[in-house]
Amino acid sequence: MKHNKLTTWILGGIALLVLPFILQYFGNAWVRIADLALLYVMLALGLNIVVGYAGLLDLGYVAFYAVGAYLFALMASPHLSDTFAAFAAMFPNGLHTSLWLVIPLALLVAAGTGVLLGIPVLKLRGDYLAIVTLGFGEIIRIFLNNLDHPVNLTNGPKGVGQIDSVKIFGLNLGKQYELFGFDVNSVTLYYYLFLALVIVTIVICYRLQDSRIGRAWMAIREDEIAAKAMGINTRNMKLLAFGMGASFGGVSGAMFAAFQGFVSPESFSLMESVMIVAMVVLGGIGHIPGVILGAVLLSALPEVLRYVAGPLQAMTDGRLDAAILRQLLIALAMIIVMLLRPRGLWPSPEHGKSLEQKS
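Residues numbered from 1 in each chain as written. Predicted model: local features only at pLDDT ≥ 70, side-chain atom pairs only at ≥ 80, totals over all residues. Heavy atoms only, no water.

### What about the overall build of the protein?
Counting its regular elements, the protein contains 15 helices and 4 strands. Computed over the C-alpha atoms, the radius of gyration of the protein is 21 Å, within 12% of the 21 Å expected from 2.2 N^0.38 for a compact globule of 359 residues. In the form shown here, the protein has an accessible surface area of approximately 18700 Å², with 69% of it arising from carbon and sulfur atoms. (Helix = DSSP H or I, 4+ residues; strand = E, 2+ residues; numbered from the N terminus. Rg over C-alpha atoms; globule rule 2.2 N^0.38 Å. Areas by Shrake-Rupley, 256 points an atom, 1.4 Å probe, with all protein chains shown as cover.)

### Quick word on the packing of aromatic side chains
With the rule as written, the count across this model stands at 14 aromatic pairs. Each ring, one from F64 and one from F136, has its centre 6.1 Å from the other, and the planes form 40°; the classification is tilted. Separated by 72 residues along the polypeptide, F64 in helix α3 (residues 62-75) and F136 in helix α7 (residues 127-146) bring together distant segments of the chain. A single burial state applies to F64 and to F136, both of which are buried. Ring plane angle 85° and centroid distance 5.4 Å describe the contact between Y191 and Y192, whose orientation is recorded as edge-to-face. Under the relative-accessibility criterion, Y191 is labelled buried at 2%. Residue Y192 is classed as partly exposed on the basis of its relative accessible area of 26%. An aromatic cluster is present here, built from Y65, Y70, F256 and F268 joined pairwise through their rings. (Phe/Tyr/Trp six-rings, centres within 6.5 Å; stacked < 30°, edge-to-face > 60°. Buried < 20%, exposed > 50% of the residue type's maximum accessible area, 1.4 Å probe, protein only.)

### A closer look at the nonpolar core
L193, M255 and V263 are the most contacted members of the largest nonpolar core, which totals 91 residues. In terms of residues, this core owes the most to one element, helix α2 (residues 28-53), which gives 15 residues. Filtering out sequence-adjacent residues up to four positions away, M255 remains in contact with L39, L99, I103, L193, F194 and L197. (Core = buried A, V, L, I, M, F, W, Y, C linked by side-chain atoms within 4.5 Å. Contact = heavy atoms within 4.5 Å.)

### Points about unusual backbone geometry
In this structure, P150 follows H149 across a cis peptide bond, with omega equal to 0°. On the secondary structure map, P150 appears in the loop between α7 and β1 (167-168). With a phi close to 55°, Q162 is a non-glycine residue in the positive phi region.

### Re the packing of helix α6 (residues 99-118) against helix α11 (residues 234-260)
Direction vectors running N to C along α6 and α11 enclose 140°, while the axes themselves pass 7 Å from each other. Judged on the interaxial angle alone, α11 and α6 are oblique. By crossing handedness, the relation of α6 to α11 is classed as right-handed. Every residue of α11 that contacts α6 at L99, V102, I103, A106, L107, A110, A111, G114, V115, L117 and G118 is listed here: L239, F242, G243, A246, S247, G250, V251, A254 and M255. (Axes fitted to C-alpha atoms, helices over the stretch in contact; angles between N-to-C directions. Parallel < 35°, antiparallel > 145°, perpendicular 65-115°, else oblique. Left-handed = near helix turned anticlockwise from the far one by under 90°.)

### Description of helix α13 (residues 288-315)
Between the first and last C-alpha of α13 there are 40 Å, a value that for 28 residues agrees with the 40 Å anticipated at 1.5 Å per step. At L301, α13 is bent by approximately 40°, the largest bend along its length, and proline P302 sits one to four residues beyond. Where α13 is concerned, the buried positions are I288, P289, G290, V291, G294, A295, L298, S299, A300, P302, L305 and A309. Once α13 finishes, D317 follows within two positions and takes phi at roughly 55°, a positive value. (Expected span 1.5 Å × (residues − 1). Bend = angle between axes of the 7 residues up to and from the residue.)

### Observations regarding the pattern of salt bridges
Pairs can form between side chains of opposite charge whenever their charged atoms are close. What the rule picks out here adds up to 4 salt bridges. Residue R221 is joined to E222 by a salt bridge in which the shortest nitrogen-to-oxygen separation is 2.9 Å. Among the charged side chains, a network of salt bridges with common partners joins R125, E224 and K238. (Salt bridge = Lys/Arg side-chain N within 4 Å of Asp/Glu carboxyl O.)

### Focus: the side chain of N48
Considering the arrangement of structural elements, one finds N48 in helix α2. We classify N48 as buried; its relative accessible area is 0%. A polar contact of 2.9 Å, which involves the side chain of N48, links it to the backbone nitrogen of G286. Filtering out sequence-adjacent residues up to four positions away, N48 remains in contact with Y53, V280, I285, G286, H287, I288 and V291. (Polar contact = N/O pair within 3.5 Å; in protein donor to acceptor, adjacent residues only side chain to side chain.)

### Re the side chain of D35
Relative to the helices and strands, D35 resides in helix α2. The buried charged residue D35 lacks any salt bridge, with R32 as its nearest oppositely charged partner at 6.5 Å. Beyond its immediate stretch of four places on either side in the chain, D35 contacts V187, Y190, Y191, F194 and F259. (Lys, Arg positive; Asp, Glu negative; His and termini not counted.)

### As for a nonpolar patch on the surface
Taken together, the side chains of L6, I10, L11, I14, L17, V18, I22, Y25 and F26 present a nonpolar region at the surface, about 970 Å² in accessible area. Residue placement: F26 occurs in helix α1 (residues 2-26). Classification of F26 by relative accessible area gives exposed; the value is 58%. (Patch = residues over 30% accessible without salt bridge, like charges linked within 9 Å, V, L, I, M, F, W, Y side chains within 5 Å.)

### A look at the confidence of the model for the protein
Mean pLDDT over the protein works out to 87, with 96% of the residues at or above the 70 mark. Counting contacts from residues 352-356, a segment whose pLDDT is below 50, to residues more than four positions away or on other chains yields 7 contacts. (pLDDT = per-residue confidence, 0-100.)

What follows is the structure, encoded as structure tokens:
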């Protein structure tokens, strides 16, 4: 049994390593879809800590994604040097920050933002918590959209461009390289970076799930009053859940900015938050493999449906917009799945935790 499991893991690992080269054969657009799917896996796993483990419904999760993205955009683009003379005097060539500084900084700043959100909503739960977090997500987007006057910090709706690509050990991920006669494109190099970050995220999530902190979160999710009576500090645990979940959003946001080379407030709309929540719910709340499956399906599905929406639009003589049709097909697919599988596509074998089951 163990031998079969090990073989499955090895074959799965090889498949993930080879996948971008297979997709590259059909075009870079498919590798790009895989890259964005990995970023959404990170986002969904981060939100799963808040929603799946601690049972706190967060509809403003995209705000942490935006914080990470804009942090990297300001630290790795000429925007600050071009806008502020004092900054240009200190850094005449601009601030081109290393990846090894960006990831911890994005993690800390996003975690701090998550804790700041958590402090005023500690007493709230259910629908009220959802409404407040939704408002928080929209406030961040509106701030980013309007912080171009009187001080131009975010460049407003025009966004921040000319963002540096990631450089690791002298390897520029924004360039194309040749390896054993194969062309390794920029999107393929980013795929391996995102895959490494996703693996680290999965390991952290599994360790958290089986830790005392993870069990405390699940106790709060099942019954907060009982958890409090058992001596769990629910206030600190909730803040920790918000902070930990937000940190993954910040890192994935920073990677998104490096990958795109451009960020604008349009990328962080309410629809993005809803989609991330849908990934967690559709895959299976609190179950890591299910959340990964939900994230991959919902991030790749719109792109795959692009090829279905085109012919359907042609059949209706162009009366139906392809983008609206794609959203309609996604919504329909989600409704069918939720009716047939109300606990998600790959739910947790047992919602609760017990030592007997673990042994």
